[in-house]
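Examination of the molecular architecture
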Amino acid sequence: MTESSVLSGRAFAKEVRRNLADEIAGIGGRPPGLAVIIVADDPASRVYVSMKEKACGKVGIDSTVVRLEETVSQAELLRVIDRLNTDPLIDGILCQLPLPGHISAAIVASAILPEKDVDGFHPENVGRLWRGEDGLFPCTPVGIIALMKHSGISMDGADAVIVGRSNIVGKPMAALLLRENATVSVAHSHTFDLEGLCRRADILIAAVGRPRFIKREFVKPGATVIDVGISRTDDGLAGDVDFDNVADISGAITPVPGGVGPLTIAFLLSNTVKAWKNSGVVS
Ligand code: GUN
(Lines give C-alpha, C1' and ligand atoms only; values in the text may rest on other atoms or scores of the structure.)
Protein backbone atom coordinates (compact mmCIF):
# COMPACT_ATOMS: atom_id res chain seq x y z
CA MET A 1 0.00 0.00 0.00
CA THR A 2 1.22 3.49 -0.73
CA GLU A 3 2.29 5.82 2.03
CA SER A 4 -0.38 8.39 2.92
CA SER A 5 0.44 12.08 2.59
CA VAL A 6 -0.97 15.20 4.19
CA LEU A 7 -1.75 17.84 1.56
CA SER A 8 -0.77 21.26 2.86
CA GLY A 9 -3.27 23.73 1.48
CA ARG A 10 -1.49 26.39 3.49
CA ALA A 11 1.86 25.88 1.72
CA PHE A 12 0.21 25.69 -1.73
CA ALA A 13 -1.89 28.81 -1.03
CA LYS A 14 1.28 30.69 -0.11
CA GLU A 15 2.84 29.72 -3.44
CA VAL A 16 -0.32 30.81 -5.30
CA ARG A 17 -0.31 34.18 -3.52
CA ARG A 18 3.38 34.69 -4.27
CA ASN A 19 2.77 34.01 -7.97
CA LEU A 20 -0.19 36.43 -7.99
CA ALA A 21 1.90 39.15 -6.31
CA ASP A 22 4.61 38.68 -8.97
CA GLU A 23 2.03 38.76 -11.75
CA ILE A 24 0.40 41.97 -10.45
CA ALA A 25 3.77 43.68 -9.98
CA GLY A 26 4.89 42.55 -13.45
CA ILE A 27 1.80 43.89 -15.20
CA GLY A 28 1.80 47.20 -13.29
CA GLY A 29 -0.65 50.05 -13.85
CA ARG A 30 -3.83 50.37 -11.88
CA PRO A 31 -3.93 47.63 -9.21
CA PRO A 32 -6.76 45.11 -9.10
CA GLY A 33 -9.68 46.25 -6.91
CA LEU A 34 -11.89 43.99 -4.79
CA ALA A 35 -15.01 45.14 -2.93
CA VAL A 36 -16.28 42.98 -0.08
CA ILE A 37 -19.77 43.69 1.21
CA ILE A 38 -20.60 42.54 4.71
CA VAL A 39 -24.12 42.81 6.06
CA ALA A 40 -24.65 42.64 9.84
CA ASP A 41 -22.00 41.76 12.33
CA ASP A 42 -21.65 37.98 12.28
CA PRO A 43 -18.37 37.24 14.16
CA ALA A 44 -17.30 34.45 11.77
CA SER A 45 -17.93 36.68 8.73
CA ARG A 46 -15.95 39.46 10.38
CA VAL A 47 -12.95 37.14 10.77
CA TYR A 48 -13.18 35.98 7.13
CA VAL A 49 -13.48 39.52 5.84
CA SER A 50 -10.46 40.73 7.78
CA MET A 51 -8.45 37.72 6.49
CA LYS A 52 -9.50 38.61 2.95
CA GLU A 53 -8.43 42.26 3.43
CA LYS A 54 -5.04 41.27 4.79
CA ALA A 55 -4.44 38.76 1.99
CA CYS A 56 -5.37 41.38 -0.64
CA GLY A 57 -2.92 43.91 0.79
CA LYS A 58 -0.06 41.42 0.70
CA VAL A 59 -0.40 40.61 -3.01
CA GLY A 60 -1.12 44.16 -4.20
CA ILE A 61 -4.91 44.10 -4.57
CA ASP A 62 -6.77 47.22 -3.38
CA SER A 63 -9.61 46.03 -1.16
CA THR A 64 -12.61 48.01 -0.02
CA VAL A 65 -14.97 46.74 2.64
CA VAL A 66 -18.56 48.00 2.59
CA ARG A 67 -20.20 47.40 5.97
CA LEU A 68 -23.99 47.54 6.11
CA GLU A 69 -26.37 47.32 9.06
CA GLU A 70 -28.33 44.11 9.58
CA THR A 71 -31.52 46.10 8.94
CA VAL A 72 -30.40 47.34 5.49
CA SER A 73 -33.12 46.78 2.90
CA GLN A 74 -32.52 44.52 -0.08
CA ALA A 75 -33.17 47.53 -2.34
CA GLU A 76 -30.41 49.52 -0.63
CA LEU A 77 -27.99 46.57 -0.90
CA LEU A 78 -28.81 46.31 -4.62
CA ARG A 79 -28.05 50.05 -5.01
CA VAL A 80 -24.65 49.50 -3.35
CA ILE A 81 -23.95 46.63 -5.76
CA ASP A 82 -25.00 48.79 -8.71
CA ARG A 83 -22.58 51.51 -7.68
CA LEU A 84 -19.74 48.94 -7.44
CA ASN A 85 -20.78 47.41 -10.78
CA THR A 86 -20.14 50.76 -12.49
CA ASP A 87 -17.02 51.70 -10.50
CA PRO A 88 -14.07 51.46 -12.92
CA LEU A 89 -11.61 50.84 -10.06
CA ILE A 90 -13.47 47.74 -8.84
CA ASP A 91 -12.79 44.46 -10.65
CA GLY A 92 -14.34 42.04 -8.18
CA ILE A 93 -17.38 42.18 -5.91
CA LEU A 94 -18.19 39.69 -3.17
CA CYS A 95 -21.12 39.79 -0.78
CA GLN A 96 -20.26 37.77 2.31
CA LEU A 97 -22.76 35.02 3.20
CA PRO A 98 -24.84 34.34 5.22
CA LEU A 99 -27.21 37.27 4.66
CA PRO A 100 -30.09 38.24 6.97
CA GLY A 101 -33.37 36.43 6.27
CA HIS A 102 -35.06 39.39 4.54
CA ILE A 103 -32.39 39.47 1.80
CA SER A 104 -32.31 36.89 -1.01
CA ALA A 105 -28.82 35.54 -1.67
CA ALA A 106 -30.02 34.48 -5.14
CA ILE A 107 -31.17 38.02 -6.04
CA VAL A 108 -27.90 39.45 -4.74
CA ALA A 109 -25.87 36.93 -6.78
CA SER A 110 -27.77 37.87 -9.93
CA ALA A 111 -27.23 41.60 -9.31
CA ILE A 112 -23.44 41.45 -9.39
CA LEU A 113 -22.07 41.85 -12.93
CA PRO A 114 -20.92 38.40 -14.12
CA GLU A 115 -17.50 39.78 -15.04
CA LYS A 116 -17.04 41.11 -11.47
CA ASP A 117 -18.57 38.03 -9.79
CA VAL A 118 -15.45 36.68 -8.04
CA ASP A 119 -17.55 34.21 -5.99
CA GLY A 120 -18.84 32.62 -9.21
CA PHE A 121 -22.41 32.62 -7.92
CA HIS A 122 -24.09 34.54 -10.80
CA PRO A 123 -26.33 32.29 -12.94
CA GLU A 124 -24.27 33.21 -16.02
CA ASN A 125 -21.08 31.92 -14.40
CA VAL A 126 -22.92 28.82 -13.10
CA GLY A 127 -24.08 28.13 -16.67
CA ARG A 128 -20.60 28.69 -18.07
CA LEU A 129 -19.19 26.27 -15.48
CA TRP A 130 -21.60 23.47 -16.39
CA ARG A 131 -21.23 24.09 -20.14
CA GLY A 132 -17.44 23.78 -19.90
CA GLU A 133 -16.87 27.42 -20.86
CA ASP A 134 -14.51 29.97 -19.33
CA GLY A 135 -15.82 32.18 -16.52
CA LEU A 136 -15.42 32.96 -12.84
CA PHE A 137 -16.06 29.90 -10.65
CA PRO A 138 -16.45 29.36 -6.87
CA CYS A 139 -13.12 29.78 -5.06
CA THR A 140 -13.14 26.72 -2.78
CA PRO A 141 -13.78 24.09 -5.48
CA VAL A 142 -11.38 25.85 -7.87
CA GLY A 143 -8.73 25.76 -5.14
CA ILE A 144 -9.35 22.05 -4.46
CA ILE A 145 -8.89 21.14 -8.13
CA ALA A 146 -5.68 23.21 -8.26
CA LEU A 147 -4.36 21.54 -5.09
CA MET A 148 -5.02 18.07 -6.50
CA LYS A 149 -3.32 18.95 -9.79
CA HIS A 150 -0.36 20.45 -7.93
CA SER A 151 -0.12 17.27 -5.81
CA GLY A 152 -0.13 14.95 -8.84
CA ILE A 153 -3.49 13.36 -7.99
CA SER A 154 -5.06 11.89 -11.09
CA MET A 155 -8.72 12.82 -11.59
CA ASP A 156 -9.18 11.41 -15.10
CA GLY A 157 -11.49 8.38 -14.85
CA ALA A 158 -11.43 8.47 -11.03
CA ASP A 159 -14.56 7.74 -8.99
CA ALA A 160 -15.23 10.98 -7.10
CA VAL A 161 -17.83 11.24 -4.35
CA ILE A 162 -18.83 14.62 -2.95
CA VAL A 163 -20.77 14.61 0.31
CA GLY A 164 -22.85 17.81 0.36
CA ARG A 165 -24.80 19.58 -2.38
CA SER A 166 -24.46 23.29 -1.59
CA ASN A 167 -24.29 25.93 -4.30
CA ILE A 168 -20.99 27.17 -2.83
CA VAL A 169 -19.09 23.87 -2.72
CA GLY A 170 -20.88 20.60 -3.56
CA LYS A 171 -22.49 21.48 -6.89
CA PRO A 172 -19.62 23.52 -8.40
CA MET A 173 -17.18 20.85 -7.17
CA ALA A 174 -19.16 18.27 -9.16
CA ALA A 175 -19.01 20.40 -12.31
CA LEU A 176 -15.27 20.99 -11.98
CA LEU A 177 -14.51 17.30 -11.35
CA LEU A 178 -16.58 16.41 -14.43
CA ARG A 179 -14.45 18.82 -16.43
CA GLU A 180 -11.41 16.82 -15.22
CA ASN A 181 -13.08 13.62 -16.53
CA ALA A 182 -13.86 12.15 -13.10
CA THR A 183 -16.99 10.01 -12.62
CA VAL A 184 -18.91 12.08 -10.09
CA SER A 185 -21.52 11.23 -7.45
CA VAL A 186 -23.05 13.88 -5.20
CA ALA A 187 -24.29 12.45 -1.90
CA HIS A 188 -26.54 14.19 0.62
CA SER A 189 -28.80 13.56 3.60
CA HIS A 190 -31.24 11.44 1.55
CA THR A 191 -28.57 9.16 0.05
CA PHE A 192 -29.06 5.43 0.72
CA ASP A 193 -25.95 3.61 1.96
CA LEU A 194 -23.76 6.70 2.16
CA GLU A 195 -20.98 4.65 3.73
CA GLY A 196 -20.94 2.14 0.85
CA LEU A 197 -20.96 4.91 -1.75
CA CYS A 198 -18.11 6.77 -0.05
CA ARG A 199 -16.07 3.55 0.21
CA ARG A 200 -16.04 3.26 -3.57
CA ALA A 201 -14.48 6.72 -3.97
CA ASP A 202 -10.96 7.29 -5.26
CA ILE A 203 -11.54 10.95 -4.40
CA LEU A 204 -13.80 11.70 -1.43
CA ILE A 205 -14.79 15.32 -0.80
CA ALA A 206 -16.53 16.09 2.48
CA ALA A 207 -18.54 19.32 2.60
CA VAL A 208 -21.35 18.68 5.06
CA GLY A 209 -20.44 20.90 8.01
CA ARG A 210 -20.71 18.07 10.56
CA PRO A 211 -17.57 17.52 12.63
CA ARG A 212 -15.79 14.15 12.08
CA PHE A 213 -18.75 12.84 10.07
CA ILE A 214 -16.56 10.80 7.67
CA LYS A 215 -15.28 7.77 9.60
CA ARG A 216 -12.57 5.28 8.75
CA GLU A 217 -15.15 2.77 7.42
CA PHE A 218 -16.23 5.34 4.77
CA VAL A 219 -12.79 5.46 3.16
CA LYS A 220 -11.26 3.15 0.56
CA PRO A 221 -7.60 2.45 1.34
CA GLY A 222 -5.43 4.79 -0.73
CA ALA A 223 -8.23 7.28 -1.49
CA THR A 224 -7.66 11.03 -1.64
CA VAL A 225 -9.74 12.67 1.10
CA ILE A 226 -10.50 16.40 0.89
CA ASP A 227 -12.03 17.98 3.98
CA VAL A 228 -13.94 21.22 3.34
CA GLY A 229 -15.58 21.42 6.78
CA ILE A 230 -14.46 23.47 9.73
CA SER A 231 -16.44 23.45 12.96
CA ARG A 232 -15.67 24.66 16.45
CA THR A 233 -16.01 21.76 18.90
CA ASP A 234 -15.34 21.36 22.64
CA ASP A 235 -11.90 20.02 21.78
CA GLY A 236 -10.94 22.62 19.19
CA LEU A 237 -11.44 23.01 15.44
CA ALA A 238 -12.60 19.90 13.58
CA GLY A 239 -13.19 19.10 9.96
CA ASP A 240 -15.90 16.89 8.44
CA VAL A 241 -13.42 13.99 8.45
CA ASP A 242 -12.32 12.01 11.50
CA PHE A 243 -8.71 12.83 10.58
CA ASP A 244 -7.00 10.86 13.38
CA ASN A 245 -8.68 7.61 12.32
CA VAL A 246 -8.71 8.19 8.56
CA ALA A 247 -5.26 9.65 7.78
CA ASP A 248 -3.30 6.38 7.80
CA ILE A 249 -5.57 4.53 5.36
CA SER A 250 -5.95 7.45 2.95
CA GLY A 251 -3.52 7.96 0.09
CA ALA A 252 -3.62 11.71 0.67
CA ILE A 253 -5.67 13.88 3.01
CA THR A 254 -6.12 17.58 3.77
CA PRO A 255 -5.81 18.63 7.43
CA VAL A 256 -8.06 21.07 9.32
CA PRO A 257 -6.89 23.75 9.81
CA GLY A 258 -4.27 24.33 7.10
CA GLY A 259 -5.96 22.37 4.31
CA VAL A 260 -8.81 23.73 2.21
CA GLY A 261 -9.37 26.97 4.22
CA PRO A 262 -6.33 28.89 2.94
CA LEU A 263 -7.14 27.86 -0.64
CA THR A 264 -10.48 29.68 -0.61
CA ILE A 265 -8.83 33.04 0.01
CA ALA A 266 -5.92 32.40 -2.38
CA PHE A 267 -8.35 31.59 -5.19
CA LEU A 268 -10.55 34.58 -4.37
CA LEU A 269 -7.43 36.66 -5.05
CA SER A 270 -6.82 34.63 -8.20
CA ASN A 271 -10.38 35.27 -9.41
CA THR A 272 -9.92 38.99 -8.70
CA VAL A 273 -6.73 39.06 -10.77
CA LYS A 274 -8.53 37.17 -13.56
CA ALA A 275 -11.37 39.74 -13.52
CA TRP A 276 -8.79 42.57 -13.53
CA LYS A 277 -6.97 41.11 -16.52
CA ASN A 278 -10.29 40.68 -18.36
CA SER A 279 -11.39 44.25 -17.57
CA GLY A 280 -9.44 45.74 -20.44
CA VAL A 281 -7.22 47.80 -18.14
CA VAL A 282 -4.37 45.38 -18.73
CA SER A 283 -2.99 45.33 -22.27
N1 GUN B 1 -19.49 32.50 3.32
C2 GUN B 1 -18.87 31.31 3.50
N3 GUN B 1 -18.20 30.96 2.38
C4 GUN B 1 -18.38 31.96 1.49
C5 GUN B 1 -17.94 32.17 0.15
O6 GUN B 1 -17.22 31.38 -0.45
N7 GUN B 1 -18.34 33.34 -0.41
C8 GUN B 1 -19.14 34.23 0.23
N9 GUN B 1 -19.48 35.32 -0.42
N10 GUN B 1 -19.56 34.06 1.46
C11 GUN B 1 -19.19 32.93 2.08
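Presented here is a report on the structure given in the accompanying data block.

Brief notes about the overall build of the protein chain
Within the protein chain one finds 10 helices and 11 strands. Relative to its length of 283 residues, the protein chain is compact, with a C-alpha radius of gyration of 19 Å against a globular reference of 19 Å. By the burial criterion, 47% of the 283 residues in the protein chain qualify as buried. Counted over contacts in the protein chain with a minimum sequence separation of 6, partners at least 24 positions apart contribute 71%. Accessible surface computed for the protein chain: about 13,300 Å², of which carbon and sulfur atoms make up 51%. Computing the positive centroid from 29 side-chain charges and the negative centroid from 34, the protein chain places the two 1 Å apart.

A word on the sheet that holds strand S2 (residues 33–39)
If you walk across this open sheet you meet the three strands as S3-S2-S4, and the pairing is parallel. Here the strands that pair on one side only, and so sit at the sheet edges, are strand S3 (62–68) and strand S4 (92–95). Mean inter-strand twist for the sheet, computed between neighbouring axes without regard to direction, equals 15°. Judged from the seven bridges that link them, S2 and S3 form a sheet pairing that is parallel. Looking at S3, one finds that leucine 34 is bridged to serine 63. Strands in contact with helix H2 (residues 43–59) are S2, S3 and S4; relative to S3, the strand with the most contacts, it is inclined by about 160°.

Quick notes on the nonpolar core
What tends to happen in soluble globular proteins is that the nonpolar side chains get buried as a cluster. Ranked by size, the top nonpolar core spans 52 residues in total, and within it Ile61, Ile144, Met148, Leu177, Ile203, Ile205 and Phe267 carry the most contacts. Those elements that provide at least two residues to this core are helix H1 (9–27), S2, H2, helix H6 (139–150), strand S5 (159–163), helix H7 (170–179), strand S7 (203–206) and helix H10 (261–278). Among the elements that line this core, the one with the most residues is H10, at eight residues. Apart from the residues within four sequence positions on either side, methionine 148 is in contact with Ile153, Met155, Leu177, Ile203, Ile205, Thr224 and Ile226. Val161, Leu194, Ala206 and Ile249 belong to the second-largest nonpolar core, a separate cluster that totals 19 residues.

Observations regarding the side chain of aspartate 117
Position of aspartate 117 relative to the elements: it lies in the loop between helix H4 (105–111) and helix H5 (123–131). For the buried aspartate 117, no salt bridge exists, and the shortest N-O distance to an oppositely charged side chain is 9.2 Å, to arginine 128. If we skip the residues at most four places from it in the chain, aspartate 117 touches Ile93, Ile112, His122, Asn125 and Leu136.

With respect to the packing of aromatic side chains
Using the criterion set out here, one finds two aromatic pairs in the structure. Centroid distance phenylalanine 12 to phenylalanine 267: 6.3 Å. Interplanar angle 35°. Geometry classified as tilted. Taken as a pair, phenylalanine 12 in helix H1 and phenylalanine 267 in helix H10 lie far apart in primary sequence, 255 residues in all. You can call phenylalanine 12 buried: its relative accessible area is 8%. Residue phenylalanine 267 is classed as buried on the basis of its relative accessible area, which comes to 8%. Here phenylalanine 213 and phenylalanine 218 contribute two aromatic rings whose centre-to-centre distance is 6.2 Å and whose plane-to-plane angle is 70°, an arrangement assigned as edge-to-face. Relative accessible area serves as the criterion here: at 10%, phenylalanine 218 is assigned to the buried category. Positioned above the aromatic ring of phenylalanine 137, the side-chain terminus of lysine 274 is 5.8 Å from the ring centre.

Examining a nonpolar patch on the surface
Together, Val47, Tyr48, Met51, Ile230 and Leu237 line one region of the surface with nonpolar side chains, adding up to about 440 Å² of accessible area. Of note, isoleucine 230 is situated in the loop between strand S8 (224–227) and strand S9 (231–233). With relative accessibility at 45%, the residue isoleucine 230 sits in the partly exposed group.

Points about the pairing of S5
Most of S5 is tucked away, with four of its five residues classed as buried. Handedness of the crossover joining S5 and strand S6 (residues 183–187) through H7: right-handed. In the sheet, S5 pairs with S7 via four bridges, with the strands oriented parallel. What sits directly across from isoleucine 162, in S7, is isoleucine 205.

About the criteria used
Residues numbered from 1 in each chain as written. Predicted model: local features only at pLDDT ≥ 70, side-chain atom pairs only at ≥ 80, totals over all residues. Heavy atoms only, no water. Helix = DSSP H or I, 4+ residues; strand = E, 2+ residues; numbered from the N terminus. Rg over C-alpha atoms; globule rule 2.2 N^0.38 Å. Buried < 20%, exposed > 50% of the residue type's maximum accessible area, 1.4 Å probe, protein only. Contact = heavy atoms within 4.5 Å. Areas by Shrake-Rupley, 256 points an atom, 1.4 Å probe, with all protein chains shown as cover. Lys, Arg positive; Asp, Glu negative; His and termini not counted. Charge placed at Lys NZ, Arg CZ, Asp CG, Glu CD. Pairing = 2+ DSSP bridges. Axes fitted to C-alpha atoms, helices over the stretch in contact; angles between N-to-C directions. Core = buried A, V, L, I, M, F, W, Y, C linked by side-chain atoms within 4.5 Å. Salt bridge = Lys/Arg side-chain N within 4 Å of Asp/Glu carboxyl O. Phe/Tyr/Trp six-rings, centres within 6.5 Å; stacked < 30°, edge-to-face > 60°. Lys NZ or Arg CZ within 6 Å of the ring centre and 35° of its normal. Patch = residues over 30% accessible without salt bridge, like charges linked within 9 Å, V, L, I, M, F, W, Y side chains within 5 Å. Right-handed = clockwise from strand over helix to strand, strands pointing away.

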